[in-house]
Amino acid sequence: MMLTPLKRFAPAVVLLAVAVALYRKAIRLWWTFDDPFNLRLVISHDWSDAYTATHLWPQKLFTPLLFTSHELLLQFAGLKPDHWYRVQIALIAIAGIAVYFALRLFIDMIPALCGAVLFIAGPPLCAFATQLMVMHYLIAVIFGAAAVALYTLAFRRQSLLFEILSALCYFVAMLAKEIAIPLPLLLFFLHDKPLRVRVRHLLFHALAVAGFFLWRRAIIGTLLGGYGWVVTPADLPGLLITMPWRLIALCAGSGLFAGLVAISVMGIGAAAALRTRRAWMLAIATLFGALIPLVPVAKELQPRFALAAWLWICVIFAVGAASLRIAPRVALFVVAICTVVVANRQEWIGEYATAKRMSDEARTYMKLDGNALLRKPLVPPAAMGELQWLKETHMHGARGAGWFYDDYFLCGPADDGKAIYEYIETRKQVVEVTARIPDFARAFCASIRDDAPLRAEFHHQNDRLFWRFGPYEQGKWTAILGGGVQAFEVPRVDGFYLPNVPGLSLRIRYDSPEGWVTYSPEIVLDFAKQPDFTWHR
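This is a predicted model, so every value here is computed, not measured.

Caption draft 1: Region of the structure containing the pattern of salt bridges. As enumerated under the stated definition, the model contains 20 salt bridges in all. The salt bridge involving Asp407 is made with Arg375; its shortest N-O contact spans 2.7 Å. Of the two residues, Asp407 is situated in the loop between strand 2 (402-404) and strand 3 (419-424) and Arg375 in strand 1 (residues 372-375); the sequence distance between them amounts to 32 residues. Its relative accessible area of 6% is what places Arg375 among the buried residues. Close ionic contact of Arg375 with Glu422 constitutes a salt bridge, the shortest N to O distance being 2.8 Å. Taken together, the residues span a long stretch of sequence, with Arg375 in strand 1 and Glu422 in strand 3 at a distance of 47 residues.

So, in structure tokens, the structure goes:
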């Protein structure tokens, strides 16, 4: 009898140990990516504003639990990022535990544990360990898995209470991240019951999703919303055709070969789960549910967007492998875990290096005085202004330190006496490079071709800015703001959501394949007075 509690909690201990073993180095990181922006929001606003204030959601997203989680961490951990990363690692483990207990209702302990281990060790999870801004995805997985487990128990025990609790967990998962919205597709096909029975058991979930959309519309004004790169109807066929491969590549990670081997091995196990028509319907419905939220962001798929697809692979594999005989099952488990861990370690090298560089740059910036500049940081341009606010306004640090992302900044008015710092890859640290900047600036500024042909066409419509650059088909294009204070590499032809932006002043940089560079003059766009604008030279 003493072994029963041990067996019950041992899988949770194993999953926590796996998460710590794989991602423990994350506690060395500092604020990265959108962290300064999120911190400013929770510091400057009451926690309830995330649920009621329209102006907090300019990108038409509605994920208030992200700010609730940040508010709680701010209260209990303060501005000590190592504690935040410990919580992040714990959330990864808890997400794996939730997946395990949901699987355990359908398959034996070892296959369920293997599926959960694979989920935690997947290459996409490396980004979750290093990016605090995506913790709401993990919260969505936790409550989504709880909704599945409670729904299954409601079916088996004919319990109205479990149905209501499942719907509540589903509602919370949607408030965390909208990837949870299609979850009823899984629930509908999960149990082999008559249609009317399945529909009846989803009544409270239907009320939950209706309530979520009504709330979303009341706060944001739309039922759905896009952000980032604009996806037009003409873009959809190509994006939908390439999306499966791009998601597979994200699930495989940067060590593509090892990742593809891992996915192939998992595919063998998954095939065993797809032996009936109902199994195929369930697999297709859940895959559709995992992919459909990605359509609005399909132009730039990032590792975090592959979370639902990776979870789908792990669950299908665990269920299929559980139906095999002992010997092939064990062999599949061992090979799958080994190859996934190898792919994870290869992905981790690049993911951690990126986050560590951002951390070092942000830490250095917080120490700079007003006589210093940071050159070409990896910290996203939009985040630097928020980091400045955190340093100067909230933490009352030294004022006046600046930064620039494009060396055109060096061709403007001289910043005599300014010390310039830069991350040097070979030394893996931020160092002062002031001494070599004058010679570099003279050579770079003199090499710019001011008379090279260049063309820029802009069209603004409904918070969306479209552009077309030319006349060159090949090469690299960059939008420069503030004389180099911000820089964004962009496609030659595309569009981007710019909600609540009345106008823009920017300079276009073109890098030719032959190595020469040219810039446009400052282009001033007024979207209200002149939605269509063309400049050429």
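Caption draft 2: Structural detail: the pairing of strand 1. Alternating residues of strand 1 divide into Ala372 and Leu374 and Leu373 and Arg375, and every residue in both groups is buried. Two strands pair when backbone bridges link them, and strand 1 and strand 3 are joined in this way by four bridges, in the parallel orientation. Its bridge partner being in strand 3, Ala372 is matched across the sheet by Ala419. For strand 1 and strand 2, the ladder comprises three bridges, and the chain directions are parallel. Paired with Leu373 across the bridge in strand 2 is Gly402. Once you follow strand 1 into helix 18 (residues 381-394) and on to strand 2, the crossover reads as right-handed.

Caption draft 3: How the structure looks around unusual backbone geometry. The step from Gly470 to Pro471 runs through a cis peptide bond, and the omega angle for that step is 5°. Inspection of the secondary structure puts Pro471 in the loop between strand 6 (464-470) and strand 7 (476-481). Residue Lys376 is not a glycine yet carries a positive backbone phi of 45°. Relative accessible area serves as the criterion here: at 33%, Lys376 is assigned to the partly exposed category. Of note in the backbone geometry, His396 takes a positive phi value of approximately 55° without being a glycine. With respect to the secondary-structure elements, His396 resides in the loop between helix 18 and strand 2. Given a relative accessible area of 65%, His396 falls into the exposed group.

Caption draft 4: View of the packing of aromatic side chains. Considering all chains together, one arrives at 30 aromatic pairs under this definition. Residues Phe171 and Trp215 carry aromatic rings whose centres are separated by 6.1 Å and whose planes lie at 20° to one another, so their mutual orientation is stacked. Taken as a pair, Phe171 in helix 9 (residues 160-176) and Trp215 in helix 12 (residues 203-220) lie far apart in primary sequence, 44 residues in all. Classification of Phe171 by relative accessible area gives buried; the value is 19%. When the ring of Trp477 is compared with that of Tyr510, the centres are 4.6 Å apart and the planes differ by 45°; the resulting orientation is tilted.

Caption draft 5: Looking closely at the nonpolar core. Grouped together as the largest cluster of nonpolar side chains are 153 residues, with contacts concentrated most on Tyr23, Phe119 and Trp310. In this structure Tyr23 touches Ile89, Ile92, Ile120, Ala121, Gly122, Leu125, Cys126, Ala129, Asn344, Arg345 and Trp348, once residues within four positions along its chain are discounted. One finds Leu498, Trp516, Leu525 and Phe527 within the second-largest nonpolar core, a separate group that totals 22 residues.

Caption draft 6: Structural context of the environment of Arg468. Relative to the helices and strands, Arg468 is located in strand 6. Sequence separation between Arg468 and Phe488 is 20 residues, and the spatial gap between their C-alpha atoms is 15 Å. Ignoring any residue separated from it by four or fewer positions in sequence, one finds Arg468 in contact with Arg455, Ala456, Glu457, Arg492 and Val493.

Caption draft 7: A look at the packing of helix 6 (residues 109-121) against helix 16 (residues 307-322). Closest axis-to-axis distance for the helix 6/helix 16 pair is 9 Å, and the angle between their directions is 155°. In terms of orientation, helix 6 lies roughly antiparallel with respect to helix 16. Between helix 6 and helix 16 lies a crossing whose hand is right-handed. Within the contact between the two elements, helix 6 uses Pro111, Cys114, Gly115, Leu118 and Phe119 and helix 16 uses Leu307, Trp310, Leu311, Cys314, Phe317, Ala318 and Ala322. When its residues are assigned to classes, the contact of helix 6 with helix 16 shows eleven nonpolar, one polar and no charged.

Rules and cut-offs
Residues numbered from 1 in each chain as written. Predicted model: local features only at pLDDT ≥ 70, side-chain atom pairs only at ≥ 80, totals over all residues. Heavy atoms only, no water. Salt bridge = Lys/Arg side-chain N within 4 Å of Asp/Glu carboxyl O. Helix = DSSP H or I, 4+ residues; strand = E, 2+ residues; numbered from the N terminus. Buried < 20%, exposed > 50% of the residue type's maximum accessible area, 1.4 Å probe, protein only. Pairing = 2+ DSSP bridges. Right-handed = clockwise from strand over helix to strand, strands pointing away. Phe/Tyr/Trp six-rings, centres within 6.5 Å; stacked < 30°, edge-to-face > 60°. Core = buried A, V, L, I, M, F, W, Y, C linked by side-chain atoms within 4.5 Å. Contact = heavy atoms within 4.5 Å. Axes fitted to C-alpha atoms, helices over the stretch in contact; angles between N-to-C directions. Parallel < 35°, antiparallel > 145°, perpendicular 65-115°, else oblique. Left-handed = near helix turned anticlockwise from the far one by under 90°. Nonpolar A, V, L, I, M, F, W, Y, C, P; charged D, E, K, R; others polar.

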